[in-house]
Amino acid sequence: MHIVSALGPRDRRRSDVPRHGCQKPPGGEAVGRKVRVDATASKNPVLSPEQAQKAITQLSRLFEATLLLNSTLDLAELLDRILQIACTECHAERGSVFLADSKKHELWSIVASGLDHQEIRVPYGRGVAGRVAETGGIINVEDAYTLEYFDRSFDQKFGYRTRSLLCLPIRHNTGEIVGVIQLLNQIHGRFEREDEDFLTKLSAHMAMALENARLHREVVEKQRLEREVALATEIQRSLLPDAPPVVPGYDIAVVNQMCYEVGGDYYDFLNLGPQSLLLVVADVEGKGVSSAMVMSNLQATLRALVMHLHSLEVLTLSLNEMMYNDTRSKKFLSIFLGLIDTRRNGLHYINGGHVPPILISGETGKYKLLEEGGTVIGMFPTAEYSRGSARLKPGDILVCCTDGIVESMDPKDDEYGTERLAASILKNRHRPAQEIVDAVLAEVDEFSRGGTHVDDKVLMVLKVSDNGGLSTGNAQK
């Protein structure tokens, strides 16, 4: 790889014996004048013109290199520039710049000349770079193959022969090792002490530039993730119904609260005919983006199946098989499918491992749990499901929810539970469905204030009208 840099190559010629401005006899005194050579003078000798020019040149090179390092916040570009500077100044054929990952105890790099930006990962202690990261020392040899810990596999893999090698740590001003730079094959034979000195002096500047670039990269990545999550939230909300359907003889209300921007709780209303409504409430295992993706897949699969299948048992079996094939049991979900015959006020349902919905009688105030069904969806390749049924009467209330409602905990870790939910519904049963939902949520929030359990929440309330016509809630819509 031919490296081109804004920095010109350093003059490799070594300085001759310094020529002083005046001749000094063995006694340390100049001709025609007495000069005492004391301890201070011996520790801080006057530089010869050649030495002074060499020091000025090196400072100039370091200054130019520092300007280049500080001219970008792009991490990949910065690593490239570090490598270009080092290879040009030290006359190396190839090189690599590794970043230290102290948490994983390894080095990683995507910048290595001659390797087409292939990512390299090296555990601490392995090979030359790993040893430098672990010990903090400098390794400078004329033939790398004389090192027993030199890893020849890279040479064999890329058809290369490493001869001279220089590897040293990139240290922050605090002494922390933030990376390792490794140069291969000095074109004049071997790397010299002044190569070590140049890179060592540049080390703190490299470390500071790397830290700034990494912080910038983290900010950019965070902003990207925030945009993606915002988009995912918008997409997920668009998948859920904007409002419950208006069904003569029924008052329906639903609420969805996510503890994160995206979640795995799902609800839906699917019209299967002029007098058939399918209620769906589901809870995907886990939280966050991965669960939200499964939830969106569930919606697409379910809507595709209901177009061709009208048996709840077959629908649930097919849903289980398709979800299992998609997730391979790594993700599963609980679901309640409730098919309402609006003409006959009948309910047929399958509970697939979900929180049992509550059906409260408008006449007696007693309730029963709708538990008939089978196991969760997507965990096993095959499963069996049975259908339950119930008769809906005027004043009856059907309550479906996810476990974020019943498993809400108070500061003593006591759950809100099914009994409290049923009692709250019963207490508010004469109110419209939306007011019942609001009252239950307020009670759950009050109960769980100070508790530690946080989960997504879906609460759906379906109320059968007392007079067989539209209830107050529907009349207002």
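Residues numbered from 1 in each chain as written. Predicted model: local features only at pLDDT ≥ 70, side-chain atom pairs only at ≥ 80, totals over all residues. Heavy atoms only, no water.

Thoughts on helix α10 (residues 417–427)
Side chains of residues three or four places apart in an α-helix project in the same direction, reflecting 3.6 residues per turn. This is how the line gets drawn: Buried, partly exposed and exposed residues are distinguished by accessible area as a fraction of the type maximum, computed with a 1.4 Å probe on protein chains only: under 20%, between the cut-offs, and over 50%, respectively. The helix and strand labels rest on DSSP assignments: H or I over at least four residues marks a helix, E over at least two residues marks a strand, and numbering proceeds from the N terminus. Contacts are assigned to residue pairs that have any heavy atoms within 4.5 Å of one another.
Three or more residues of α10 are buried, namely Gly-417, Leu-421, Ala-422, Ser-424 and Ile-425. Where α10 is buried, its residues meet β12 (358–360), β13 (367–369), β16 (397–401), α9 (403–406), α11 (433–448) and β17 (457–464).

Side note on helix α4 (residues 127–135)
Restricting attention to buried positions, one finds in α4 the residues Gly-127, Val-128, Ala-129, Gly-130, Val-132 and Ala-133. Gly-136 sits one or two positions beyond α4 and adopts a positive phi of about 80°.

Structural notes on the pairing of strand β15 (residues 388–391)
This is how it is decided: Any two strands are treated as partners once DSSP identifies two or more bridges connecting them.
Burial of β15 is one-sided: the residues Gly-388 and Ala-390 facing one way are buried, the residues Ser-389 and Arg-391 facing the other way are not. In this structure, strand β11 (residues 346–352) lies alongside β15, joined through 4 bridges in antiparallel fashion. In the strand pairing of β15, Gly-346 is matched with Arg-391.

Notes on the side chain of Asn-140
Our working definition: Whenever two N or O atoms come within 3.5 Å, that pair is a polar contact, provided that in protein one can donate a hydrogen and the other can accept it, and provided that, for residues adjacent in sequence, both atoms are side-chain atoms.
Within the fold, Asn-140 resides in strand β4 (residues 139–141). Reaching out from Asn-140, the side chain makes a polar contact with the backbone oxygen of Phe-191 at a distance of 3.2 Å. Within polar-contact distance, the side chain of Asn-140 engages the side chain of Glu-196 at 2.8 Å. Apart from the residues lying within four places of it in its own chain, the contact partners of Asn-140 are Leu-165, Leu-166, Arg-190, Phe-191, Glu-192 and Glu-196.

Details of unusual backbone geometry
One can expect most non-glycine residues to show negative phi and most peptide bonds to be in trans. For His-91, which is not a glycine, the phi torsion comes out positive at approximately 55°. Among the secondary structure elements, His-91 is positioned in the loop between α3 (75–90) and β1 (92–101). For Asn-185, which is not glycine, the phi dihedral falls at a positive 60°. Structurally, Asn-185 can be placed in strand β6 (residues 177–186).

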